[in-house]
Each structure stands twice: as C-alpha cells, then as structure tokens.
Amino acid sequence: MTTTTPTRNPSASGRAAGRGGSAAPGLRRIAALARSELLLLVRNRTALVNALLLPPATVGLFSAINGGGDDASAAAGPLLVNVLTIMALAMVVYYNLTVAYVARREELVLKRYLVGESSRSEILAGAAVPAFVVALAQTALGIVAVSVLFEAPPFTNPLLMVIAVVGGTVMLTALAAATSGLSRTVESAQLTTFPLLIVALPFAGLLGSGTGDGVAGVLGTIGTFTPLRPITDLMTLGMTGIDRDGRLLTTFGETVAAGRLSVLVLLAWTAIGVLAARRFMRWEPRR
Amino acid sequence: MTSEPIVHVRGARRRYGTFEAVRGVDLDVHRGELVALLGTNGAGKTSFVELVEGLAPASGGTVRVLGHDPYRERRQVVGSLGIMLQSAGFSGDLTVAETARTWAGTLSRPRPVDDVLGAVGLTHRADVRVASLSGGEKRRLDLALATMGDPELLFLDEPTTGLDPESRRATWRLVQGMLEAGTTVLLTTHYLEEAEELADRIAIMQAGRVVRSGSVADIVGAEPARVEFVVRNAAGSPVVPGAADLPSLEGIVDVPQVDRTGRLRLRTTSLQGDLHTLLQWAEARQLRLDDLDARSASLEQAFLAMDDTDDTHDETAEVAA
C-alpha cells in the first residue's frame, strides 16, 4: 500500500455545476451498470444458456411438433417469431432478471449502488439492458430467418412490433423487480417466477387465438387480458396485419385502431408491475 | 468556527416500530475536520449515520448536509458524498478493475481508476475476481470506491475492521492525506486507537444519545492518570503499605488498590506533583518502587470508565481497543 494521496479540486462550488437536470448522466450511469451486468451474464453459464439457447431451442421444438410438413404457410413464419419473442421475453427478461435482482440484492450489491449517485430506476434499468438487447436481437434474427425460409410477411405496422418488444420488456422488468422481492434466494426464484410463466404462457396466443364459441371463446377472452398476450397480438398484427379476430387488415391506420386494446392491456400490466415493484421490491437482504 | 458546518444535526431521532435507536442527537461537523463517532455495539451509531448519509428519513429533528436535507434532497448532495458502509457487497464474478470501472461510470466526477486502486494498494490485484480477494482486500476496495468520487464529505463506517496492522496504518495515512486535501470525514469505529490517531473531535454514543463529545484531549484530560508500582524494602522484600503509610497526594482519586501480587495502583488528577511526592517519600524511607508505571489516561481508559459508570450500559457491549 502506498501513501499516495489524492489531490482534490478545492473549488466546492465548481463540483455542483454540470450535474442535475440533463438526462445524459443518467444514461451514462445506466450504461456503466449495463456493462457490468453483461459481463456477469457472460460469466454465468446457466443464465447464458437460458438467454442464448433456450428461446431458439423452443422454436426448433415448436416447429418440429407443428408438422414440418406441407403447412409451411404464411402463418407459420410469424408464429415461430412469436414463439421466439415470447420465450426471449419470458426467460431472458422476466426469469433471468428476477434471478439477477435477487443475486445482486443478496450479495449486497444493490445496497452499494443505492448509496451512490444512481437512482433506483437507473439501477433496475442498468441490469435490464443486456436482457433487452438479447431479446431484441433474437426477435430481429428470428424475423430475418423467417423471412428467408418462409414467405416474408407484409410487415403492415412495424411500430406495433417495436411497442410489443419494448413495452413487453418494460412490463416484465417491473414484474421481475416485484418478483425478486418475493424471492428469498436465487433458488426460490425458480418457484416465484412459476405462476406468471405457467399462467400466462398458455394464454400467450401461441397455441391458437381461442376465438369462437363455448369454452374456447371464454378462455380466449380471458387470455386477452393476460400479460403476455398483448405482445403476441401486437407482433402478429404488426407483422401480418391479422387482428385478434383473424381478420386481415391491410393499412397502417386499421392496424393502429385494431391494436389499441392490446396496447392498453400492455400499459395496464406495466402499471401493475410498477406498483408491485414499489410494494415488493427489496434492496437489501431480510435480516 | 464561522463558516456553516457541513453536517448540522439537531435533535435527530430514528424509530423502528416501538424501538427508538436514535434519541435526539446533536452534531456539527465543520469543513476539513474528522469527527469520530464512538460507541458500543447497539449504541445507535450506524442508525444515526444513515440519517446523515440520507439513506433513511429522520423521525424527528433536523438533519442538514451541505445545506440540504440529505434524504429528501438527496440528488443535490449525493455527488459530493463518499460512503463506505459497514456492509456493502461486490459481484464476485467481476474483477477488481471491472468493479472499479463500473463504479466510476456512475459518478459525476470520478478520479482515474488506476490512481484510486494504487492509493489502496490494489494495483497488483486489478485483474483478480473479487470473489478471490481476502477480507482485508475487499475492505480496501470498499475504501477505493468510497473515495473515487473525490467527495467533499466522506463517511467511513468501521473502515479498518478485518485489516492487518500494516493495512490499517496505510488506511490511516490515506485518510490523513484526504483530510490535508480538505475532505471532511465522519468516521465510526470500534477502535479507540483509530479515533485517537485520526479524529479532531470525538462524539461518544450510548443508547441512542451522544453522551460525551469534544477533542481527544478534552475527553482524555478529564480522566485521571494512573500510577502503578510494587513497594520493596532495602532487602528487596515486597512491602504492602497501608493507606495511612502513603504520603498525602493532592490529586488522588479513590483509595489506592493493591492486587494479589502486591502491586499498588492509584489514580490521580495531578500526575507530575503526586509522582514527585511519591518518589520523595520512597527515597526518604529507603524503599524501591519496582515496575513503576505512570501514565496519562488514554482514550480507551476514558471510554471504559464512562462505560462502567453508566447505568444504560448495553449488555452486548464490546469494545476492541
């Protein structure tokens, strides 16, 4: 240990300048936190496999089960993109982030960040950036792959697709923060994330849209209001122009109108996620 | 001092449910000074310091840091604070340098990472995963992060716990260097020697209150000095003098104590005068004062004496000297 002492700028008034209102320092802090979270993701084999291999593997399984035959129709490609996007958001954003928040909390890293200059939402966002990038990249690669392998969908409203992925990430990040507060350990996060995954995944619209009469219709209506459903609905609508009732819309304006309910459901779940995060998220271990 | 204090606390209280951990604390810390907060475990030091750090709201009283409420106006002050908590963690899978770079990325005025790691002697460990560091190395990394933002006000909560003596002294030199450069420091510590070495002023907390404060000299000065010796006659045999045999000592406190080995201990507020009287008395009677030990009070003595006389003494009390 040396005795080198820091020379500090004695102008106390100068230090306050250049901070405050502007968003740039916030983004810089998020970028710094995101960089370290990315390093941690790369060094955690379980989380990395979850992030990089699980969603594409699910797509492979899905297409194998779905026939691999003559049904290479126009609908098959978008469905596979939806499977990929939903799995990426559910596993990489929701599940991996819940685990990451619990891990950072239990190793007292969240507590350290809290005493620094970063705000709570910056800390949460910093950890979420790598998950968001992975989910976004998988969706983008999926779209490219499907466009090459199948008949390319018309991409009637790409904006709705962006809303689906970005909005879905924000919603699931908030829900992950809330879920982490209910998980005592990294291991118990496997259980606490289960309800949302097991309840919402079947309703996500990957197994058919559930239109029609009787039980299927009722389940379809319920499904519309589950958290993952607006993501598939908006992705399908944006990619193919097909709305929740199976009608084909061809103009941007029509798809905007048809997507309104899904956007509202997405916003509602985001609001629920934020409220739940405020209520349940914990920043240091229970003692 | 004429300037407004950097930390200004009046009547601060902090309540957890029905338990009040901080019960009306007043404290001023002026620019460039180091104030050490001492106290036994459970005295409320950390609970109090968290109020000043702005990590928790006070349930009563006023807390001002750099002219702001550190909890409600945290944005205004946080860039000027460096906080070393007693317990904050690291991600074990990041290296020392990665950890430091991440922290630097969140600061508005970071000092160069290499300089900061050099100052705490971790340069050679920069590429090591934090999980592989020793406890003392982690504590030094903690210190590196707390000082990285070139803070105006530095909080150190038990900064040298778990450090070997050499690292402890190196930490003290680093803190002294920062004080010379104008940093203001609020230190909490178990180590009285650390407070004696570093502090301009000391505040001693007990059961949520500051029970004594002042400079080390003030606090120690109020405490009597000690004189100890074994009395032997010309033949070398130990003699236990009765109280009546001793000369009258002007500053003596209590009755002198004799332990099993015949060692006599007395406490006096007039060390020089009474020592002179004792030596003359021994000379006149041809007595030897063996193992003579005369010393002014240390902060540790003052602290322990205060602890003994206090009724609210915490049962879990523990002071490492």
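About the cut-offs
Residues numbered from 1 in each chain as written. Chains lettered and ligands numbered in written order. Predicted model: local features only at pLDDT ≥ 70, side-chain atom pairs only at ≥ 80, totals over all residues. Helix = DSSP H or I, 4+ residues; strand = E, 2+ residues; numbered from the N terminus. Buried ≥ 20, exposed ≤ 12 C-beta atoms within 10 Å, placed from the backbone. Contact = placed C-beta atoms within 7 Å. Nonpolar A, V, L, I, M, F, W, Y, C, P; charged D, E, K, R; others polar. Pairing = 2+ DSSP bridges. Axes fitted to C-alpha atoms, helices over the stretch in contact; angles between N-to-C directions. Core = buried A, V, L, I, M, F, W, Y, C linked by C-beta atoms within 7 Å.

**Q** Any chance you could break down unusual backbone geometry for me, citing the residues and the numbers?
**A** Leave glycine aside and you will find that most residues have negative phi; peptide bonds, for their part, are mostly trans. Residues and elements named next belong to chain B. Although it is not a glycine, Glu158 adopts a positive phi angle of roughly 50 degrees. As for its position among the elements, Glu158 is in the loop between strand E6 (153-157) and helix H6 (165-180). Since 19 C-beta atoms lie within 10 Å of it, Glu158 is described here as partly exposed. For Ala207, which is not glycine, the phi dihedral falls at a positive 50 degrees. Relative to the helices and strands, Ala207 is located in the loop between strand E8 (201-206) and strand E9 (209-214).

**Q** Mind laying out the interface of chain B and chain A, listing which residues take part and the relevant values?
**A** In this complex, chain B contributes 41 residues to the contact, which on the side of chain A involves 33 residues. A total of seven residues in the side of chain B that touches chain A trace back to one element, the largest contributor, which is H6(B). Split by residue class, the side of chain B that touches chain A holds 15 nonpolar, 17 polar and nine charged.

**Q** Any chance you could break down the sheet that holds strand E10 (residues 225-232) of chain B for me, citing the residues and the numbers?
**A** Residue and element names in this part refer to chain B. Taken in spatial order, the four strands line up as E11-E12-E10-E13 in an open sheet, and their pairing is antiparallel. The outermost strands of the open sheet, each flanked by one partner alone, are strand E11 (252-258) and strand E13 (288-295). Averaged over all pairs of adjacent strands, the angle between strand axes in this sheet comes to 15 degrees, irrespective of strand direction. With six bridges joining them, E10 and strand E12 (residues 263-268) adopt antiparallel strand pairing. For Glu228, the partnering residue across the bridge sits in E12 and is Arg265. Along the sheet, helix H9 (residues 271-284) makes contact with E10, E11, E12 and E13, crossing E13 at roughly 180 degrees.

**Q** How would you summarise the nonpolar core if you had to cite specific residues and measurements?
**A** Val93(A), Tyr94(A), Ala36(B), Ala144(B) and Leu186(B) are the most contacted members of the largest nonpolar core, which has 153 residues in total. A per-element tally of this core places helix H5 (residues 76-106) of chain A first, with 21 residues. Val227(B), Phe229(B), Val231(B) and Leu278(B) belong to the second-largest nonpolar core, a separate cluster that totals seven residues.

**Q** Explain the pairing of strand E1 (residues 7-16) of chain B to me, using residue names and the numbers behind them.
**A** All names here are of chain B. As paired strands, E1 and strand E2 (residues 19-29) are joined by eight bridges and run antiparallel to one another. In the sheet register, Arg14 faces E2, and the bridge partner there is Val22. Where E1 folds back on E2, the antiparallel hairpin that results is connected by two residues, among which Gly17 adopts a positive phi of roughly 60 degrees. With five bridges connecting them, E1 and strand E4 (residues 60-65) associate as antiparallel partners.

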